[in-house]
Amino acid sequence: MERVLIVSANMGQGHNATGRALEDAIRQRWPDATVRWVNALERLGPGFEGLFQRIYVANVESVPWLYEFFYAAIWRIPWFAAASRWFTAAWCGRRLAKPIAEFAPDLVLSTYPMGTAGLAWLRRKGKLRAPIGAWVSDFAPHPFWVYGAADLTMVMHDVAVAPALRSSPSAHVGVSAPPVRAVFRPGDQTAARHELGLPPDAFVPLVSCGSLGFGEIETTVRELLAADPSVAPIAICGRNDAAAARLRALGEPRLHVVGWTDQPERYTLAADVVVTNAGGATSLEALACGRPVLMHRPIAAHGKANARLMADAGLALVSTKDGELAETVRGLLAEPERLKEMAEAVARHCETATPLVEALESLVSAPLNPPTQRLRPEDALFVHVATPEVPQQVGAVLLFDPKADGTPVTHADAEHLLAATPGLRTRLLPGSRLWRARWQEDPGRTSADVLTSVRVGPEAPLDAALTREMDAFFSEPVSPEHPVRARLVTGIEGEQGALLIALHHAASDGIAVISALVGQARGKEPLTPVPVPRRRGWWHRPNVALGASDAPNATLGASGAPDAALGASGAPDAALGASRAPNAALGASGAADAALGASHAPNATLGASGAPNATLGASDAPNAALGASHAPNATLGRNGSHPERSAVRAALASLAAPARGALASLAAPVRAALARVASPVWHRLERPSGPANRSGTAEPARAKPSQRNQAAELARGVWTLARAGAAPRVRWDKRIDSPRRHFARAHLSAPEVRKAARRAGVPTTNLVLALVAEALHRELGGTAPERLRVLIPISVRDTGTFRQLGNHTGAASVDLPTGAMSLSERVRATDRMLSDQVGHGAPRAGNAVVRVLGILPPALHRRAAKLVYRGTWFSVIASVLPGARSPVVLNGALVRTVYPVLSLAPGVPVAVGIMTWADRFTVCITVPAGQEARGDRLAAAVVEAFGRV
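Residues numbered from 1 in each chain as written. Predicted model: local features only at pLDDT ≥ 70, side-chain atom pairs only at ≥ 80, totals over all residues. Heavy atoms only, no water.

(A) Local environment of the sheet that holds strand β13 (residues 372–374). Strand order in the open sheet made by the 3 strands is β13-β16-β15, with antiparallel pairing throughout. Looking at strand neighbours, the two that pair on one side only are β13 and β15 (426–429), the edges of this open sheet. In this sheet, neighbouring strand axes are inclined to one another by 30 degrees on average, regardless of whether the strands run parallel or antiparallel. As paired strands, β15 and strand β16 (residues 438–441) are joined by 4 bridges and run antiparallel to one another. Paired with Leu 428 across the bridge in β16 is Trp 439. (Pairing = 2+ DSSP bridges. Helix = DSSP H or I, 4+ residues; strand = E, 2+ residues; numbered from the N terminus. Axes fitted to C-alpha atoms, helices over the stretch in contact; angles between N-to-C directions.)

(B) Summary view of the packing of aromatic side chains. Scanning all chains against the criterion turns up 12 aromatic pairs. Aromatic side chains Phe 87 and Trp 91 sit 5.8 Å apart centroid to centroid with 50 degrees between the ring planes, which places their arrangement in the tilted category. Taken together, the positions of Phe 87 and Trp 91, both in helix α5 (residues 78–103) and 4 residues apart, correspond to about one turn of that helix. According to the relative accessible area criterion, Phe 87 is partly exposed, its value standing at 48%. Look at Trp 91 and you get partly exposed, because its relative accessible area is 22%. Aromatic pair Phe 473 and Phe 474: ring centres 4.9 Å apart, planes at 85 degrees, arrangement edge-to-face. Each member of the pair Phe 473 and Phe 474 is classed as buried. Put simply, the rings of Phe 48, Phe 52, Phe 87 and Trp 91 touch in pairs and so form one group of aromatic residues. The ring of Tyr 267 carries the charged tip of Arg 266 above its face, separated from the ring centre by 5.9 Å. The ring centre of Tyr 899 lies 5.7 Å from the NZ or CZ of Arg 745, which sits over that ring. (Phe/Tyr/Trp six-rings, centres within 6.5 Å; stacked < 30°, edge-to-face > 60°. Buried < 20%, exposed > 50% of the residue type's maximum accessible area, 1.4 Å probe, protein only. Lys NZ or Arg CZ within 6 Å of the ring centre and 35° of its normal.)

(C) Examining the sheet that holds strand β1 (residues 3–8) more closely. Judged by pairing direction, the sheet is parallel, and its 6 strands sit side by side in the order β2-β1-β3-β4-β5-β6 without closing on themselves. Only two strands of the sheet have a single partner each, and these edge strands are β2 (34–39) and β6 (173–175). Strand-to-strand twist in this sheet, taken as the mean axis angle between neighbours without regard to direction, amounts to 20 degrees. Inspection of the sheet shows β1 paired to strand β3 (residues 107–110) by 4 bridges, in the parallel sense. If you follow Leu 5 over to β3, its bridge partner there is Val 108. The strands that helix α1 (residues 14–29) touches are β1, β2, β3 and β4 (132–135); relative to β2, the one it contacts most, it runs at about 170 degrees. Sheet strands touched by α5: β1 and β2. Its angle to β1, the strand with the most contacts, is close to 160 degrees. (Contact = heavy atoms within 4.5 Å.)

(D) Here's a closer look at the nonpolar core. Core analysis: the largest hydrophobic core is formed by 105 residues, its most contacted members being Leu 109 and Trp 135. Examining the composition of this core, we find that 7 residues originate from one element, α5, more than from any other. Residues contacting Leu 109, with those up to four places away along its chain left out, are Val 4, Leu 5, Ile 6, Val 7, Leu 22, Ile 26, Gly 133, Trp 135, Leu 360 and Leu 363. Judged by nonpolar contacts, the second largest core, of 58 residues, contains Val 409, Leu 488, Leu 499 and Ala 884. (Core = buried A, V, L, I, M, F, W, Y, C linked by side-chain atoms within 4.5 Å.)

(E) Structural detail: the packing of helix α14 (residues 324–334) against helix α15 (residues 336–352). In contact at an axis separation of 4 Å, α14 and α15 are set at 95 degrees when each is read in the N-to-C sense. Regarding the angle of α14 to α15, the classification is roughly perpendicular. Seen from α14, the contacting residues are Leu 332, Leu 333 and Ala 334; seen from α15, they are Pro 336, Arg 338 and Leu 339. When the residues that make up the contact of α14 with α15 are grouped by side-chain class, the tally is 5 nonpolar, no polar and 1 charged. (Parallel < 35°, antiparallel > 145°, perpendicular 65-115°, else oblique. Nonpolar A, V, L, I, M, F, W, Y, C, P; charged D, E, K, R; others polar.)

As far as function goes, none of this settles anything; it's purely spatial.
Here it is, written out as C-alpha cells:
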C-alpha cells in the first residue's frame, strides 16, 4: 500500500476525527504509505464550504423543522432521495476527479457523505479503480451515507446495518469499532479524576455537545445539578466561548467548565456517563472508553435518529423533555446495576466490532463490491407475485444409494455437488415501487454457507422420513439474501441419503438446476459466475463466456475442445456429458452439436418415437437442439418443416397466457407496444445462425421471416390469448394461508411408459399429462369440469443460456380434458388439445407479452404480474422435465431418484412436477399444508391410471 486518500470535510470535527483515526490505523498497518487528505466541501467551489457550514448551523439552531422535513423526505420520498443523491454524486464526483487522478491512490477512504457520493459516481463512470471504504461517523446512516458502488461501508453497530441496506441494498456493510484515536480507550477512572481535581466519589456526567457547542448546554447543566447533590458535572463547550462564560458565571463549585481542549479523552475517562445531543464523534469516543451515553434533547434529524438507534442497541438512554434528564440520573443513582449493564453492553460492542486495521486489510484484499444486474422481466415476474403465503421457490430432491463400502453420501459430497447450483453466489435485491429488482454477486459465498445436515436414523423408513423432511424443509421459504438453501438428510433405511435443494424461482428453473447437478456429479468443473464489469471496456476480453476454459470461444465452461457446449469434454460439441449409448437423455453422444439428449436414434428423449409429432424431442440428425426432430407438425418440441429452427422456439409459451381476459381490454396499448418490440423479441427467440459443424466451419443460416410477418404472427398470438378468457371454475379448496407445504410422491416405470405411449400413438409427454388429467378427474369426481386449465412451463433455454442465472421458461396454458370419458379417449383428447392449443402463435406472443410487461415502471409491472399469474387464469401447474437416462454417480454414491419440486401460484393449490430419471418417471405433487389428503390421492391416482393404460 503506497498511497491512501482520505476524503473528509470541515463540518464540525466529527468527520475529521474519524479520518484521523483511520490515518492512525493506516500508519500502524502500512507505515510507509503516503496519506493525503481532500476536503470535499472545499473542492465544491469557492465559498461553498462556508455556505454549507452556515446552512447546517442555521438548520440545527434556527429552523430545525426544515432540517427534519428534508431528513424525513430522503427516507419517505424515493424519487426525491434518488434525485438528490444523483445530483450530489455527479457534482462532487466531477470536483473530486482531478485530485484523485493526480494522486492516483491505491485506497480511498471517505468520512463524509457527499465525499462518498462523489467517489461512488467516479466508480460508476469507470474513473476510480482503487477500493473505496466509507465510514459512517454518525450512529444512524441515512441515504446520503450509503452507496453500492463503495466497496465497504462501515457502520457503528449491528442495529445500523438494516437502515444502511435500506438506503442502498447493494452495499457491502460491516460493523466497525468506534473510529476514534487510540487514546480513547478504557482506563483508570480514579487516576483521571485525581489528575483533573474531581471528587473521587461523585457521580460525574460529562456534558459535551461537539466542537460547535450545539444545544441547550446551560439548561442541561442546571438539570444535572438539580438531580442530586452528589452530581458533579463536567461541561465541555468546544468553540462556544459564550456558553462557557455563562456557565462559569453560575459560580457552582460542583461544576467543572472546559472550553476547547486537545485532550477530551482525559475528561471522558473521568466521567461515569457522557451527556450529548448529536450522537456523532462524541458518542463514539464515549463508547471507545467504555462509557454509556445519555442523549438529552437530541438535535433535529440525524441527532434524533442517532438517539433512537443507540437506545435500541442498549448503549444510551434518551430524554427529550424538561426534567427527564434529572429523573434519569436519579434512576441510575438508585439502580447502579442498570448503569453497570449499559457499560457491559458498550464493552461487548467494542469487543465484537471489527477493528479498524482489520477492516482496512479486508478492504484491500477482498474483491471490489460487484455492481448489480437487472432481472429480466421473466425473472422479475416471480419476485412480484411472491407473497408470504405463496413464496416462489422451486427445487429438487436427490436420493442417494450408499457407496460401495456401505457408507452414506457425506456432507463434503453434498458441498461439492451444490457448488454448481445456479444462483449460489448471488443475492436478490427485490427493488421497490421506483427501482427494478436486481441481482448482485456475492463472491465470498460457498456451498458450505447454504448447506445444513440432519441425521434422521437409525434406519428411518424411506417414505415417511423423506415426506417429513421435505415438508419441513420446503415449508421454509428462501430469502432474497440467500436465494439458495440445501439440506443433506442421512440415516434413512439402508444408509440412503437425500439432498434437498430449494432456490428462488427467479434464480433458475428445473432444467438448469438438474443439468448443473448432473454435470457436477459427472466431473465437470462447476461454472463460475460471469465476471462482473468493473469499469468501462470490460467487454473487450477475448470471447470467453461464462467461465470458459483456456480455449478461445469456449462456451459455458467447456473444456478440452473449442466450441464445446455445456461443459462436455472429450468430444467437440457434445452436450452435457454425453454417453456413448443411443437413446441417452441429457447429452447423448454420437452426433456433432447434439444438445440435451439429441441422438441419431429415435426415442432419444422422454421415449418419444421417430414418428411425426414427436414430443420434447427425438432427433434424427446432428445439430438437434433440445431433442428437436425434422418431422413436421412438431408440438412441445416438435419441429416443423424448417430444420434450422430448434424445438425451443416451437415450444415457447407464455407465462402471461392466463391474462387473456385482461389483455382484451388492453388490446390497443399492447399492440402499440408490440409494434415497437416485435423485432427485438423475435430476434432473441431465433437460434444463433451458422452453428459450428464437426469441421469447425459455420453452417449456412436460412433467411429469417420479414419483420412484418413476425409482427403479424405476434398479433395473431395476442388475439388468441385475449379471446381465451378466464379458466373454467373448479370446485375445490383454493385456500393457501401459509407457506407450509406437503409433497406427495410416486414413480412410474420409464420403459413401460414409453411402450404405452408407442401403443397409443402419442408422445410420451402427452401420455403423462393425460394421466394427470385422469387423476384430476378422479379427484374432482362429479364436480369435474369438462376442461381444466393447466399452466405447463416450457424451457426456452438453448446452448447459449443453458446454465445462466434466471428462469428461462415460457408456459403454455392448456385446457386438459377432465370430463367423464374413458382413459383411452382422455389420452387422445389430451394429445389433440396439446397439439391445438400450443400453436397459433400463442407461445411466441405470450413470451413477448411477458417482455412487454417489463417495459412498465416497476410499480405497474408488479400490479400487472399479480394480475396475470393467479388462479383466475389457470387452476393447476404441471411440468414435465427431462432428466438423466444414464446412471449418475456422485463420488461413488448412485443418484437413485430425483423428484422435481414446483411452487404454487396465488389461488392455484396444486402443482405437479414430473421428471425422467434413469428407469423411472418421478412424480412430485405440491399442495398447501392442510390439504395433504388431496396430494396423496392425486399421486395414487396417477399410478392407478397408468396401470389401466
